[in-house]
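Notes for the structure review
Now for the letters of each chain:
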Amino acid sequence: MTRIVLASQSPRRKKLLQQIGLAFEISPSDVEEISSHTEPGPMVEDLAALKATDVASKFSDSFIIGSDTIVVHNGEVLGKPADADEAFSFLSRLSGTHHFVYTGVAFVKTDKNGTILAKHTFYEQTKVTFSTLGEQEIKAYIKSGNPMDKAGSYGIQDDLGALFVEKIDGDYYNVVGFPLNRFYREIKSFFPEFDIMSS
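The present account deals with the structure reproduced in this document. (Residues numbered from 1 in each chain as written. Predicted model: local features only at pLDDT ≥ 70, side-chain atom pairs only at ≥ 80, totals over all residues. Heavy atoms only, no water.)

Some points on the environment of Lys-139
Checked against the element boundaries, Lys-139 lands in helix α4 (residues 135-144). In the structure, Lys-139 is positioned 55 residues away from Ala-84 in sequence and 8.8 Å away in space, judged by C-alpha atoms. (Helix = DSSP H or I, 4+ residues; strand = E, 2+ residues; numbered from the N terminus.)

Structural data, given as structure tokens:
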């Protein structure tokens, strides 16, 4: 049976893939995350492919899943905050406006010799609208520590972060960090031998 490897140490991606019953192991990539693309969609696809390809070099006869998520507000990419001050700045900017969450996913398949047989990438986009946030609300959320490891400084699945999101247009799970519906559809189309429903 082909080994499935998640090239990410994100606890959110791990939880989502466990939720659908996928049996996999984790081997995070340590490749330098630099993309030549400036458009958000191609950028996250590129970064996901970099991670998956990096990890693929360590696994033969395997199916590797790479992923990358970014938040884009007024054309600017908001990554993970460097500190509490930057988290406050990010959340203040998102307050009362909308932004977009992009997640890129890459599949890399290797043979028994470790040679890459196939590679496929895609991305999903979700529009997220925040209600207007007060300074004390933002500070309380930052104090919880939850914003610090997340792109854009928030998690829609967090206890307090969930209170900030007024509405979304698109896949909720994409905002969490992994677009499950699109993942399932792409798997069925490009790698039908991985039958998730019967695993």
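Observations concerning the side chain of Arg-12
With respect to the helices and strands, Arg-12 occurs in helix α1 (residues 11-19). Taking relative accessible area as the criterion, Arg-12 reaches 17% and is therefore assigned buried. Within the local environment of Arg-12, its side chain forms a polar contact with the backbone oxygen of Asp-149, the two atoms lying 3.4 Å apart. Every residue in contact with Arg-12, bar those within four places of it in the chain, is listed here: Asp-149, Lys-150, Gln-157 and Val-176. (Buried < 20%, exposed > 50% of the residue type's maximum accessible area, 1.4 Å probe, protein only. Polar contact = N/O pair within 3.5 Å; in protein donor to acceptor, adjacent residues only side chain to side chain. Contact = heavy atoms within 4.5 Å.)

Structural notes on the packing of helix α3 (residues 84-94) against α4
How two helices pack is summed up by the angle between their axes together with the distance between the axes. At a minimum axis separation of 10 Å, α3 and α4 run at an interaxial angle of 135°. Relative to α4, α3 is oriented oblique. Viewed along their axes, α3 and α4 form a crossing whose handedness is right-handed. Residues Ala-84, Ala-87, Phe-88, Leu-91 and Ser-92 of α3 touch α4, and the partners they reach there are Glu-135, Ile-138, Lys-139, Tyr-141 and Ile-142. Looking at side-chain class alone, the contact of α3 with α4 contains seven nonpolar, one polar and two charged residues. (Axes fitted to C-alpha atoms, helices over the stretch in contact; angles between N-to-C directions. Parallel < 35°, antiparallel > 145°, perpendicular 65-115°, else oblique. Left-handed = near helix turned anticlockwise from the far one by under 90°. Nonpolar A, V, L, I, M, F, W, Y, C, P; charged D, E, K, R; others polar.)

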